[in-house]
Amino acid sequence: MTGTPGTLYVVATPIGNLEDVTRRALRVLREVDLIACEDTRRTARLLEAHGISTSTTSYFEHNERWKGARILDRVREGSDVALVSDAGTPAISDPGFRLVREAREQGLRVVPVPGPSAAMAALSVAGLPTDRFLFVGFLPSRAGPRRAALQELASRKETLVFYESPVRAVACVADMREILGERPAFLGREITKLHEEYRSGTLSELRSSLAERKEIRGEIVLVVGAAGAHPAPSLETAEDLFARLTAEGHSRRDAVKEVARALGLPAREVYRRVLPDRQ
Ligand code: SAM
């Protein structure tokens, strides 16, 4: 202990491929007095892979409050501490924000050691505008609050970046299609891992391709185009298209089928919109 406070380093770690770690991150993890990990066993794998034997302690969502205070005691007393999460950049949909805020309030030195983050990795290959984007992170898991959250985002003029669980991916993309309208979108699954997958298309195309699968595994980032950058089919569009097709001589049944295909809506939804009396 030197009598002068130490530094809290916020260190990014790989999101899959263990090679995605900077030389500086490895040096800092080797040199600090303590590594505060979201999951000590998970970080142990990274440390072992690089021959690092620094002591670790846990710092996760449910011990954040009291553990954070002890970690900052150590920094105040002169120790250098590195904060890591399970994957990617701490504090980005991960524990860390409270510790950093508290450290700053106490006037302690907080230094980032930047590196991977799934959001940035996905955005960098999505092929959607990156000049303005909104990192949304996880939407609520329950359908009602999720749909309400999407409604709030519907008019945002930035590219939207979401984290999503594989279990909810189909329902989530279906809600996006319905609430945000048709938009270009991108899915990054298992980024940098063995079974990495990158898929772009419209929200309807993504929805169909996900719905066809028996099971969806792995970690997912969804990137969705901004409002207004492309025609967003509305209730009126379905009606207009139906009217045009029937005027061109298509049967009502064929017109409904075509509207459903063109707008990526279930046929019964098209019937509900264009032929409400038939219900
Ligand atoms: N702090 C991390 C970061 O900087 O990206 C994010 C942690 S958050 C708890 C975990 C979520 O990030 C996953 O559910 C997934 O949405 C996304 N994610 C993390 N790694 C990923 C990967 N390799 N491929 C796709 N998405 C990933």
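Residues numbered from 1 in each chain as written. Predicted model: local features only at pLDDT ≥ 70, side-chain atom pairs only at ≥ 80, totals over all residues. Heavy atoms only, no water.

(A) Looking closely at the nonpolar core. If you look at the biggest cluster of nonpolar residues, it comprises 21 residues, and the most contacted ones within it are Leu 139, Leu 150, Phe 162, Met 176, Leu 180, Leu 222 and Val 224. Breaking this core down by element, the ones donating at least two residues are helix H6 (143-153), strand E7 (159-164), helix H7 (169-180), strand E8 (184-189), helix H8 (203-211) and strand E10 (220-224). Per-element tally for this core: the top contributor is H7, with 6 residues. (Core = buried A, V, L, I, M, F, W, Y, C linked by side-chain atoms within 4.5 Å. Buried < 20%, exposed > 50% of the residue type's maximum accessible area, 1.4 Å probe, protein only. Helix = DSSP H or I, 4+ residues; strand = E, 2+ residues; numbered from the N terminus.)

(B) Inspection of the site of the ligand at higher detail. Around the ligand, a shell composed of 19 residues is seen, among which Ile 92, Ser 117, Ala 118, Tyr 163 and Ile 220 lie nearest. In the model, a nitrogen atom of the ligand is placed 2.8 Å from a nitrogen or oxygen of the Asp 94 side chain. Contact distances for the ligand include 3.2 Å between a nitrogen atom and a side-chain N or O atom of Glu 219. In isolation the ligand offers 580 Å² of accessible surface; the protein chains occlude 90% of this area. Those elements giving two or more residues to the shell around the ligand turn out to be E7 and E10. Taken together, the residues of the shell around the ligand sort by class into 9 nonpolar, 5 polar and 5 charged. Mapping the shell around the ligand onto the domain boundaries places at least three of its residues in each of domain 1 (7-115) and domain 2 (119-224). (Near = heavy atom within 4 Å. Polar contact = N/O pair within 3.5 Å; in protein donor to acceptor, adjacent residues only side chain to side chain. Areas by Shrake-Rupley, 256 points an atom, 1.4 Å probe, with all protein chains shown as cover. Nonpolar A, V, L, I, M, F, W, Y, C, P; charged D, E, K, R; others polar. Domains from an automatic or database assignment.)

(C) How the structure looks around the domain arrangement of the protein. Along its sequence, the protein is carved into domain 1 (7-115), domain 2 (119-224) and domain 3 (238-278). The C-alpha centroid of domain 3 is placed 55 Å from the C-alpha centroid of domain 1.

(D) Local environment of helix H5 (residues 118-126). Considered for burial, the residues of H5 that qualify are Ala 118, Ala 119, Ala 122, Leu 123 and Ala 126. Projected onto a plane normal to the axis of H5, the buried residues spread over an arc of 125° and lie on a single side. Check the buried side of H5 and you find it contacts strand E6 (133-138), E7, E8 and E10. (Arc of directions from axis to C-beta. Contact = heavy atoms within 4.5 Å.)

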